[in-house]
Amino acid sequence: MSDASLTEKPTIRLLHHMARSGGTLISRCLGSMQGVCLLSEIHPDGTTHPKAKRYRLSPLKQAVEWHSLLDPQDLEIFRKDPPSFQQIMWLIEERATARGLQLLVRDWSHMDWIGKPFYQPAYESRLADCFQDYTVHRHCTVRHPIDQYLSLFKLGIIAKSDLNIDEYLEGMLRFSELCNEIGFTRYEDLTHAPDTHLKHICGQLALDFDPGYSERWSSFTHITGDIDFSRGGAEAIRPLTRRAAPDDLIDQFRSRETYSQVKQLLGYETD
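Residues numbered from 1 in each chain as written. Predicted model: local features only at pLDDT ≥ 70, side-chain atom pairs only at ≥ 80, totals over all residues. Heavy atoms only, no water.

A short note on the side chain of His139
Summarising the element assignment, His139 is placed in strand S4 (residues 135–142). If sequence neighbours within four positions are ignored, His139 has contacts with Leu14, Leu15, His16, Ile182, Gly183, Phe184, Thr185, His200, Ile201, Gln204 and Leu205. (Helix = DSSP H or I, 4+ residues; strand = E, 2+ residues; numbered from the N terminus. Contact = heavy atoms within 4.5 Å.)

Here's the deal with the sheet that holds strand S3 (residues 102–107)
Hydrogen bonds between backbone groups are what pair the strands of a sheet, and the pairing can be parallel or antiparallel. Strand order in this open sheet of 5 strands is S2-S3-S1-S4-S5, and the pairing throughout is parallel. Looking along the sheet, the strands with just one partner apiece sit at the ends: strand S2 (36–42) and strand S5 (184–186). Strand-to-strand, the axes of this sheet are offset by a mean angle of 20°, without reference to chain direction. Note: S2 against S3, 5 bridges, orientation parallel. Looking across to S3, one finds that Ile42 is bridged to Asp107. The sheet strands contacting helix H5 (residues 85–98) are strand S1 (11–16), S2 and S3, and the helix crosses S2 at an angle near 160°. Seen against the sheet, helix H12 (residues 194–205) touches S1, S3, S4 and S5 and runs at an angle of roughly 150° to S4. (Pairing = 2+ DSSP bridges. Axes fitted to C-alpha atoms, helices over the stretch in contact; angles between N-to-C directions.)

Description of the packing of helix H10 (residues 165–182) against helix H13 (residues 247–254)
Relative orientation of the contacting elements H10 and H13 amounts to 55°, with a least axis distance of 11 Å. Taken together, the axes of H10 and H13 are oblique relative to one another. Of the two possible hands of crossing, H10 and H13 adopt the one that is right-handed. When H10 is examined against H13, the residues Ile165, Tyr168 and Leu169 are found in contact with a partner set consisting of Leu249, Gln252 and Phe253. (Parallel < 35°, antiparallel > 145°, perpendicular 65-115°, else oblique. Left-handed = near helix turned anticlockwise from the far one by under 90°.)

So, H5
Since the α-helix turns once every 3.6 residues, residues separated by three or four places project in the same direction. Helix length check: H5, at 14 residues, gives a terminal C-alpha distance of 20 Å against a target of 20 Å (1.5 Å per residue), a fit within 8%. Restricting attention to buried positions, one finds in H5 the residues Phe85, Ile88, Met89, Leu91, Ile92, Glu93 and Ala96. Once H5 finishes, Gly100 follows within two positions and takes phi at roughly 80°, a positive value. (Expected span 1.5 Å × (residues − 1). Buried < 20%, exposed > 50% of the residue type's maximum accessible area, 1.4 Å probe, protein only.)

A word on the confidence of the model for the protein
Put simply, the protein has an average pLDDT of 92, and 92% of its residues get 70 or more. Low confidence marks residues 1–6, where pLDDT is under 50. Its contacts with residues over four positions away, or in another chain, come to 1 contact. (pLDDT = per-residue confidence, 0-100.)

Thoughts on the nonpolar core
Among the nonpolar cores identified, the biggest contains 28 residues, and Ile146, Tyr168, Phe175 and Phe253 are the most heavily contacted of them. Contributing elements (two or more residues each) for this core: S4, helix H8 (145–152), H10, H13 and helix H14 (257–266). Ranked by size, the runner-up nonpolar core spans 23 residues in total, among them Leu39, Ala63, Phe85 and Ala96. (Core = buried A, V, L, I, M, F, W, Y, C linked by side-chain atoms within 4.5 Å.)

Topic: the packing of aromatic side chains
Under the counting rule described, the total for this entry stands at 10 aromatic pairs. Between Tyr149 and Phe253 the ring centres are 5.3 Å apart and the planes differ by 85°, which places this aromatic pair in the edge-to-face class. Taken as a pair, Tyr149 in helix H8 and Phe253 in helix H13 lie far apart in primary sequence, 104 residues in all. In this pair, the class of Tyr149 matches that of Phe253, namely buried. The structure contains a cluster of three or more aromatic residues connected by ring pairs, namely Tyr149, Phe153, Tyr168, Phe253 and Tyr259. A cation over a ring is seen here: Arg186 above Tyr268, with NZ or CZ 5.1 Å from the ring centre. (Phe/Tyr/Trp six-rings, centres within 6.5 Å; stacked < 30°, edge-to-face > 60°. Lys NZ or Arg CZ within 6 Å of the ring centre and 35° of its normal.)

Overview of unusual backbone geometry
In the segment running from Lys116 into Pro117, the intervening peptide bond is cis, with an omega of 5°. Tracing the chain through its elements places Pro117 in the loop between helix H6 (110–113) and helix H7 (126–129). The phi torsion at Glu41 lies on the positive side, around 55°, for a residue other than glycine. Checked against the element boundaries, Glu41 lands in strand S2. The class of Glu41 is buried, set by a relative accessible area of 16%. Residues other than glycine seldom take positive phi values, yet Ser68 does so here, at roughly 50°. By secondary structure assignment, the location of Ser68 is in the loop between helix H3 (59–65) and helix H4 (72–80).

Shown next, in the form of structure tokens:
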């Protein structure tokens, strides 16, 4: 064994995006590429928080059911001696790498930048904090903040929460700062030129781009989120007509400096 192999760090790839920003579509494209092992909407507290358990966001469950990276003997050991989140992720990365797969972890970013109805936001990625001993490649994807807001409140759990526009925009501002720090891709741009932007994302994440995704992504089911495509686009990636926003809502956004800051950071010029 060489000295380099003794000191080489394992590699992890983290994709960050907020809820209802096109992340499921983008993750389906990446996850359907040959050689990619995708874990979807993962967070250190995703399986322990009482309100989060029902979302099937367990890395252990996904590694077993989607990728067969663990076997019955592993699960029997875990039942007797439950591992930590970090131990689970270390084992998954080790098994994926041994099989020649590139592990990509889709962060459940809502937990850390919006928080409600689960937490008060930390405004930093708790997932990324778990990988201090890894070589980490990260990238963000984003959507226009008003479009995202309208779509977000179509989720029952958000509509029933006390999340308000100022809390939403503060979270978006802090997330936008991360986007500028590590790099980002706009969902709207990707829908106009999927291959171009997916190649860029793959480059940022140290993934091998596979053009064959275009024939597989629509039938890819090892994913969480809006897999039913509530606004269409199940067979082809295409730009969506923007939802009409009430005038009073647009006025509320325009009256907040945080909205202007988010638009500037993410390069959006229109409301």
